[in-house]
Amino acid sequence: MRPGNSDQEPVVALQAVDLKRSRWAGVFIGFDGVHRALTVLRSLLAAMLLWWLVGILAGNPLLLPSPFTVLDNWWRLLVSGQLLEETLVSLQRLAIAYTFAAIVGIPVGFAMANWRIVDLTVGFVVNSIRPISGIAWIPIAIVWFGVGEELPIFIIFYGAVFPFILNAHASLLDIDKRLILVARTLGAGRVRIFLTVVLPFSIPYVLTGARIALGLAWMSIIAAELLGAPNGLGFSIQYMRLVQQTPAMLAWIFWVGVVGYALDALLRLAVQTLAPWSEAGRLGGKAR
Amino acid sequence: MTTENTATEALLTIENIQKLYGEGGRAAELVALRDVSFTVPEGQFCAIVGPSGCGKSTLLNIIAGIDFPSSGLASLSGSRILGPDPRLGVMFQQYHLFPWMTVRGNIEFGPRSRGLPRAKVGDLSKRQIARVGLSGFEERYPHELSGGMQQRCALARMLANDPVVLLMDEPLAAVDAQTRSILQEELLEIWGESRPASERKTVLFVTHAIDEAVFLADRILVMGRRPGRIIADIPCTLKRPRREARRTRDFVELTESIWDLLHDQAADATRQ
Ligand SMILES: Nc1ncnc2c1ncn2[C@@H]1O[C@H](COP(=O)(O)OP(=O)(O)O)[C@@H](O)[C@H]1O
Ligand SMILES: [Mg+2]
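Residues numbered from 1 in each chain as written. Chains lettered and ligands numbered in written order. Predicted model: local features only at pLDDT ≥ 70, side-chain atom pairs only at ≥ 80, totals over all residues. Heavy atoms only, no water.

Caption draft 1: Local environment of the sheet that holds strand β5 (residues 79-80) of chain B. Residue and element names in this part refer to chain B. In space, the four strands of this open sheet follow the order β2-β1-β4-β5, with antiparallel pairing throughout. With one partner strand each, in any of the chains shown, β2 (30-41) and β5 form the two edges of the open sheet. Where strand β1 (residues 10-21) lies against β2, eight bridges are found, and the strand directions are antiparallel. Note on β2: the bridge partner recorded for I14 is F38. Across the face of the sheet, helix α2 (residues 56-64) comes into contact with β1 and β2 while running at roughly 125° to β1. (Pairing = 2+ DSSP bridges. Helix = DSSP H or I, 4+ residues; strand = E, 2+ residues; numbered from the N terminus. Contact = heavy atoms within 4.5 Å. Axes fitted to C-alpha atoms, helices over the stretch in contact; angles between N-to-C directions.)

Below you can see the structure in the form of structure tokens.
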């Protein structure tokens with residue numbers, strides 16, 4: 001060793017290598033290059049072509065209108081402002097119910113992991129209700145709430161709350177106990193360990209739960225609005241059925257898919273921003 | 001033995017430590033440690049070697065205050081160790097860096113936990129980062145670092161609390177051979193090999209590699225298993241600095257004599 005090595009002098013010089021990944025790449029389109037984006041575009045075009053051909057063969061535009069008619073309908077809904085209006089109605093319901101689901105679900109999951117008695121009681125209830133699809137509750141919810149705001153919010157909440165509970169629960173069960181020991185040997189107390197070790201450890205899990213919750217919430221809201229709301233995206237699909245406007249109906253249906261995809265992409269971005277150390281935000285990353 | 005005298009000079013005192021596992025429902029099944037006693041004077045680099053499962057980690061954890069003996073006690077500067085203490089720096093085989101903190105965040109964790117003022121914490125981490133050669137990597141996350149760099153970061157994190165005793169549990173077992181020998185030399189430098197004995201840290205270093213123990217330590221405690229206990233206490237007086245010591249006859253002979261001591265124990269371990 002070099003004699004008289006001072007504290008400031010690196011013992012071994014290291015070359016700085018830029019290992020940083022671009023945080024934004026691949027979030028919105030989910031692929032890492034223009035090449036892949038083109039592939040997606042091509043397969044989309046192919047699907048539309050196939051759809052168009054099948055439509056011609058079927059010969060009944062009321063059953064299967066051509067994709068171009070659907071696109072045209074979508075465009076007219078867009079310029080009329082109706083598309084945006086109904087989308088905002090649904091998104092607002094989603095925001096309220098989803099936030100509520102997070103506020104309830106995460107603490108419940110933590111409590112289940114932390115206290116055996118909570119796991120045995122609340123945990124049992126959660127696991128026995130969870131297999132019942134949110135859709136099954138819609139008829140009774142109509143009886144309870146009638147048609148309006150409460151019903152869709154209730155159904156979304158129901159769909160979204162379980163992934164929050166389960167992933168918050170799993171995060172604490174999975175926690176690396178050695179990290180807590182290390183924190184203790186470094187002089188951290190209980191509160192500091194909870195805030196700087198336990199919570200950050202659970203973030204990727206909770207965010208993964210949040211993604212699953214969002215997907216389920218989005219599916220639930222459409223189902224709920226089909227029957228139990230006076231407006232919104234689900235209602236719009238149903239409305240177009242009643243007035244026998246198949247092209248507009250399909251335009252709404254595909255629009256639901258587009259918005260759902262965009263919401264998921266936003267959440268993926270949030271995962272990568274809030275938890276850059278985790279892999280959960282990448283497309284194809286682990287999903288629990 | 002004049003225990004009176006050594007007891008007053010010793011920084012670490014381990015007295016009659018026993019550790020039993022399986023005390024719960026059934027009768028005690030496993031004696032992990034039996035009657036372990038020794039003292040470590042200030043500034044000594046003391047290695048512990050032994051076959052796997054002989055209780056090395058258990059012993060170290062007890063001294064670190066994160067595990068408790070079934071009987072007996074460990075004390076630091078005459079006061080009993082009852083829990084984790086910033087004066088006792090601990091490092092495990094897996095680096096256990098906090099994945100959500102940058103290199104700087106990891107290194108500042110200890111000083112911040114102890115409530116040091118922000119400016120002081122910044123100074124401290126800067127010094128430690130330079131000391132272990134991680135300058136330029138302050139804002140990296142652990143998963144962006146090589147194994148050797150992660151280990152340096154864990155070392156700096158421990159050193160940032162300026163502990164009196166360094167407790168290390170096979171800290172180099174997970175890195176490749178080349179990085180390992182570099183890190184061994186760095187460790188000796190940080191310990192204070194090139195400084196006078198009075199300026200050195202006190203180190204308790206667990207390893208299962210005998211040559212590593214001989215290369216690093218002033219003294220080697222050899223442990224046996226079933227029950228876990230100390231079977232030999234061997235001084236290791238090879239000339240320092242040890243950089244060239246690996247190829248000397250003394251080095252090889254000492255390594256082999258310890259290997260002979262452990263041979264039966266190790267053979268026993270592989271049969272389990
Ligand atoms: N929590 C535990 N419960 C039961 N037995 C344990 C526990 N921890 C360690 N042991 C046992 O104690 C013995 C010593 O373990 P350890 O200290 O990890 O050994 P080493 O570090 O020398 O490999 C082993 O036989 C191990 O199986
Ligand atoms: Mg061990």
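Caption draft 2: Expanded view of the packing of aromatic side chains. Within this structure, the stated rule accounts for 17 aromatic pairs over all chains. Between F45 of chain B and W191 of chain B the ring centres are 5.4 Å apart and the planes differ by 85°, which places this aromatic pair in the edge-to-face class. Taken together, the residues span a long stretch of sequence, with F45 of chain B in strand β3 (residues 45-49) and W191 of chain B in helix α6 (residues 177-191) at a distance of 146 residues. With a relative accessible area of 1%, W191 of chain B lands in the buried category. A connected cluster of aromatic rings, assembled from ring pairs, spans F201 and Y205 of chain A together with F98, W100 and F109 of chain B. Between R192 of chain A and the ring centre of F109 of chain B, over which it is positioned, the NZ or CZ distance is 4.6 Å. Over the face of the ring belonging to F215 of chain B we find R246 of chain B, whose NZ or CZ atom lies 3.8 Å from the ring centre. (Phe/Tyr/Trp six-rings, centres within 6.5 Å; stacked < 30°, edge-to-face > 60°. Buried < 20%, exposed > 50% of the residue type's maximum accessible area, 1.4 Å probe, protein only. Lys NZ or Arg CZ within 6 Å of the ring centre and 35° of its normal.)

Caption draft 3: View of helix α8 (residues 190-228) of chain A. The first and last C-alpha atoms of α8 of chain A sit only 47 Å apart over 39 residues, clearly below the 57 Å expected at 1.5 Å per residue. The sharpest bend along α8 of chain A measures roughly 35° and falls at I203 of chain A, with the proline P204 of chain A sitting one to four residues further on. (Expected span 1.5 Å × (residues − 1). Bend = angle between axes of the 7 residues up to and from the residue.)

Caption draft 4: Looking closely at the sheet that holds strand β10 (residues 229-235) of chain B. Residues and elements named next belong to chain B. Taken together, six strands build an open sheet; the order of strands is β6-β7-β8-β3-β9-β10 and the sheet is mixed. The open sheet has two edge strands, β6 (88-91) and β10, and neither has a second partner. Each neighbouring strand pair of the sheet contributes to a mean axis angle of 15°, computed without reference to strand direction. Helix α5 (residues 147-159) rests against β6 and β7 (165-169) of the sheet, and its axis sits at about 165° to β6.

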